[in-house]
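# Chains, contacts and geometry: an overview
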Amino acid sequence: ENNKILLNKSREKDEICKTKYPLLLVHGIFFRDFEKLNYWGRIPDELMKNGATIYYGNHSSSLAVKDSAEELADRIKQIVKETKCKKVNIIAHSKGGLDSRYAISNLGMDKYVASLSMINTPNHGCEFAEYLLNKAPKTLKDKVSSGYNFTLKKPGDKDPDFIAGVTDLTFSEVEKLNKKMKNSKNVYYRAYGSVLKKPTSGRFPLNLTNNFVGHFDGKNDGLVGID
């Protein structure tokens with residue numbers, strides 16, 4: 001920790017994370033990045049210490065991709081209008097990458113987005129999620145969904161939709177979405193993936209789901225297959 005502090009101080013003037021356009025961080029499903037929950041941990045501070053300008057998506061924790069994309073589109077237009085920055089660079093985690101792709105391809109955000117960097121985004125869907133939705137009894141799905149939706153309204157979600165969010169992560173639904181979300185020539189795309197080598201080294205729920213996801217999707221980060 002001391003070495004990190006000293007390193008940041010020594011290169012403060014270099015601003016190695018400063019970009020032409022600001023960074024927009026887009027969170028994944030089941031999380032929030034404003035008000036009462038901090039999704040990104042220490043990452044924003046580290047980036048800002050090294051010259052980056054940071055904004056957050058401020059979108060709901062769980063909605064269908066199309067609905068999340070609409071919230072993101074409004075947020076992007078707001079940032080561009082208020083700051084006159086012209087464009088943003090998006091760094092998106094998990095489902096946030098799908099939400100961003102939809103906004104870029106289908107909602108005209110390609111003119112406001114310079115780049116999209118996706119971290120562990122299920123760009124080909126998750127077969128494990130599909131298996132769960134197909135096998136789980138309706139009563140169980142309804143109970144989990146209502147409990148989640150009720151809980152997430154407390155910190156500020158207006159109308160969260162657990163089932164819609166999870167459904168759009170399945171293999172079959174993402175396959176349909178990919179036909180609609182064609183890459184824009186105006187945007188630079190990057191996709192990164194990581195692998196959880198030992199389930200015990202991951203945090204909840206990744207430490208529990210890693211082996212199950214592996215059976216369906218191969219090597220994964222706990223939820224999203226590397227492929």
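Residues numbered from 1 in each chain as written. Predicted model: local features only at pLDDT ≥ 70, side-chain atom pairs only at ≥ 80, totals over all residues. Heavy atoms only, no water.

## Observations concerning the packing of helix 5 (residues 127-135) against helix 9 (residues 206-217)
Under the convention used in this document: To get an axis, fit a line to the C-alpha atoms, keeping to the stretch in contact for a helix; angles then go from 0 to 180 degrees between the N-to-C directions. To qualify as a helix, a DSSP run of H or I must reach at least 4 residues; to qualify as a strand, a run of E must reach at least 2; elements of each kind are numbered from the N terminus. If an angle is under 35 degrees, it is roughly parallel; if it is over 145, roughly antiparallel; if it lies from 65 to 115, roughly perpendicular; otherwise it is oblique. Contacts are assigned to residue pairs with any non-hydrogen atoms lying within 4.5 Å of each other. Under the scheme applied here, ten amino acids are nonpolar (Ala, Val, Leu, Ile, Met, Phe, Trp, Tyr, Cys and Pro), four are charged (Asp, Glu, Lys and Arg), and all others, including Gly, are polar.
For the pair helix 5 and helix 9, interaxial distance at closest approach is 8 Å and the crossing angle is 100°. For the element pair helix 5 / helix 9, the angle class is roughly perpendicular. Between helix 5, through Glu127, Phe128 and Tyr131, and helix 9, the contact on the second element is made entirely by Phe212, Val213, Phe216 and Asp217. Here the residues of the contact of helix 5 with helix 9 are counted per class, giving five nonpolar, no polar and two charged.

## Quick notes on the packing of aromatic side chains
The following threshold applies: For Phe, Tyr and Trp, rings pair up if their centres lie within 6.5 Å, where Trp contributes its six-membered ring, and each pair is then called stacked (planes under 30 degrees apart), edge-to-face (over 60) or tilted (otherwise). For every residue, the accessible area obtained with a 1.4 Å probe (protein chains only) is divided by the maximum for its type, and the residue is called buried under 20%, exposed over 50%, and partly exposed between those limits.
Summed over the entire model, instances satisfying the criterion amount to eight aromatic pairs. Taking the centre distance of 5.3 Å and the plane angle of 10° together, the rings of phenylalanine 30 and phenylalanine 162 count as stacked. Taken together, the residues span a long stretch of sequence, with phenylalanine 30 in the loop between strand 1 (23-26) and helix 2 (43-49) and phenylalanine 162 in helix 7 (residues 162-167) at a distance of 132 residues. Note on phenylalanine 30: relative accessible area 33%, which makes it partly exposed. For the pair tyrosine 39 and tryptophan 40, a centre-to-centre distance of 5.0 Å together with 80° between the ring planes defines the contact as edge-to-face. An aromatic cluster of three or more residues is present, and its members are Phe128, Tyr131, Phe212 and Phe216.

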